[in-house]
Amino acid sequence: MASLSTRIIHAALSVGFSLLAVAAMAFAGASVADAESHVRPAAQETKELPTNQPSSSGPIVVAVVLGSSGTVGSDVLAPYEVFASSPDFSVYTIAAQSAPASIDGGPAIVPTYTFEDVRSGRARQPAVVVVPAVGAPEGPEETAMREWIVEQSGRGARVLGVCNGSSVLAGTGLLNGHKATSHWSRLGAFKQSHPEVQWMGGLRFVQDGRITTTAGVTSGIPGALKVMEDMTGAVEAERVGRLMKYPGWQVAATAQIPVQSFAASDIPIGLNALVPWLRPTIGVGLFNGVGEIDVASAFEVYNMSFAARAVAVGATDTVTTKHGLILLTVPEHQAPPMDRLIAPGAARAQDIDPQLRDWSASRSTPVDAFAGADGGLGFDGAIEYLAQHTDRATAVSAAKMIDYPTAHLDLPAGGASIRVPGLIALGLLLAILAGSLPVAIRSAIRRRREGHGWRLP
């Protein structure tokens, strides 16, 4: 009986060591992936930056908030381009501090104004406040943001919460007693943490009084168009909506969307997040005049799929977008080794910025127009490009994570990479080796005891 008990204990130790090794590798992988997605601007990047300006002098002012704890880039860039595409709106970014605001997986953004600039009258009072998802929505890092949002709402500003920006709004109390939505993956948790809010799923956006909240990430585009329609009328919203080319959108379209949940089809992205080692580095070549949504789509699909590490590269350390946003980039001469360059906003190879083409040639790095097979740009082109260079399953899952419709896309099968299966096989081998440690230790102890026995008289 003692021998059986000993064997059971040893077997349990072996299994425990193996599971501990697997858990340690998964934790390390997730930590690496998270760290690469949350890079703060270096201190030297915050000096002598260009002065940011509002997008125009339009009569309706829109303030797009940037967080202090990291901000989801698409939640900022997509609504910014929607509103800035209409001459009726003057759009600026705003933050607690004037230093560049870090963006998850993308280039930092230089704020146009600070909250104090609005309070002092240096910046125009906003009629619309756009609230993105941030790293610590209810933490002390964002106290200034929440207080300022409450101030502006109290003055009569409309509020647009994009994706998990609804968590920021819930933390302010502005959603108490109101209907709201958010990213499908967070609704269950929000119903537990904020039962005072009437959380609703299966909707692209929810409007309750002067507050509009949207579903995941790209839903900020139709959410912004809805606010635009309310403030300027259906004709202008339809005009801008045609420019945005959001699938299936029109003024009279239903807000209903499929109810989503995690499924087996999302395993490829989960594995990418847990084994980020050796994934390719993609240089995102940015240039003055690049569209905000084109920038957002390039970084969002890679940040959400974990298929590659994306690095913003430019001719200098900043670029100015189509509607005046200033983004921090890595100057070409400081860029790390890259497997490939992509050019957002370029539909064909001949549309790629000549300086970017020359630079890529000097480094013998291939450069691609970041577009679909038919030259489609924005999120259409991004999802198609991701499918082509990874696989269809990864692209479909990434689109699901950002709430982007794909039924209209003919996604290529792509080519499956051996990186993830190879790393998983290596990890399992290491786990097996870790599990064999108790046996090896027991055998070594037995041999030592037997050796001492042989030396006894």
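Look up: the structure comes first, before these words.
Just so you know, these numbers come straight off a predicted model, no measurement behind them. (Residues numbered from 1 in each chain as written. Predicted model: local features only at pLDDT ≥ 70, side-chain atom pairs only at ≥ 80, totals over all residues. Heavy atoms only, no water.)

(A) A look at the sheet that holds strand β18 (residues 340–344). Reading across the sheet, the 5 strands line up as β17-β14-β13-β18-β19 and stay open at both edges, with parallel pairing between neighbours. What marks the edges here is a single partner per strand, and that holds for β17 (330–331) and β19 (367–370). Here strand β13 (residues 281–285) pairs with strand β14 (residues 309–314) via 5 bridges, running parallel. Bridge pairing links Gly283 to Val311 in β14. Seen against the sheet, helix α10 (residues 292–305) touches β13, β14, β18 and β19 and runs at an angle of roughly 140° to β18. (Pairing = 2+ DSSP bridges. Helix = DSSP H or I, 4+ residues; strand = E, 2+ residues; numbered from the N terminus. Contact = heavy atoms within 4.5 Å. Axes fitted to C-alpha atoms, helices over the stretch in contact; angles between N-to-C directions.)

(B) Molecular detail of unusual backbone geometry. Even without a glycine there, the phi angle at Cys163 is positive, about 55°. In this structure, Cys163 sits in the loop between β8 (158–161) and α5 (165–172). At Asp403, a residue that is not glycine, the phi angle is positive and equals roughly 55°. Here Asp403 is to be found in the loop between α13 (392–401) and α14 (419–435).

(C) Structural view of α13. α13 sits mainly inside the fold: 7 of its 10 residues count as buried. Of all the residues in α13, the buried ones are Thr394, Ala395, Ser397, Ala398, Ala399, Lys400 and Met401. Check the buried side of α13 and you find it contacts α9 (267–274), α10 and α12 (378–389). A distance of 3.1 Å separates the backbone nitrogen of Ala393 from a side-chain oxygen at the start of α13, and that oxygen is part of Asp391. Phi for Asp403, located one or two positions after α13, is positive at around 55°. (Buried < 20%, exposed > 50% of the residue type's maximum accessible area, 1.4 Å probe, protein only. Polar contact = N/O pair within 3.5 Å; in protein donor to acceptor, adjacent residues only side chain to side chain.)

(D) Highlighting the packing of aromatic side chains. All chains considered together, the criterion is met by 8 aromatic pairs. Plain terms: the ring middles of Phe115 and Trp148 are 5.0 Å apart, the flat faces sit at 20° to each other, and that makes the pair stacked. With a gap of 33 residues between them, Phe115 in helix α3 (residues 115–120) and Trp148 in helix α4 (residues 143–154) connect regions that are remote in the sequence. On the basis of relative accessible area, Trp148 is assigned to the buried category, the value being 0%. What links up through ring pairs into an aromatic cluster is the set Tyr246, Phe379 and Tyr404. (Phe/Tyr/Trp six-rings, centres within 6.5 Å; stacked < 30°, edge-to-face > 60°.)

(E) Quick look at the nonpolar core. Membership of the largest hydrophobic core comes to 71 residues, with the highest contact counts inside it found for Phe83, Ile221, Tyr302 and Ile383. With 28 residues, the next largest nonpolar core counts Val65, Ile94, Leu175 and Trp199 among its residues. (Core = buried A, V, L, I, M, F, W, Y, C linked by side-chain atoms within 4.5 Å.)

(F) The arrangement of the pattern of salt bridges in detail. In this structure the tally under the stated criterion is 10 salt bridges. Residues Arg122 and Asp117 are paired through a salt bridge, measuring 3.0 Å at the closest nitrogen-oxygen approach. Taking the shortest distance from any N to any O, the salt bridge between Glu236 and Arg239 comes out at 2.8 Å. Of the two residues, Glu236 and Arg239 are both situated in helix α8 (residues 234–244); the distance of 3 residues between them amounts to about one turn of the helix. (Salt bridge = Lys/Arg side-chain N within 4 Å of Asp/Glu carboxyl O.)

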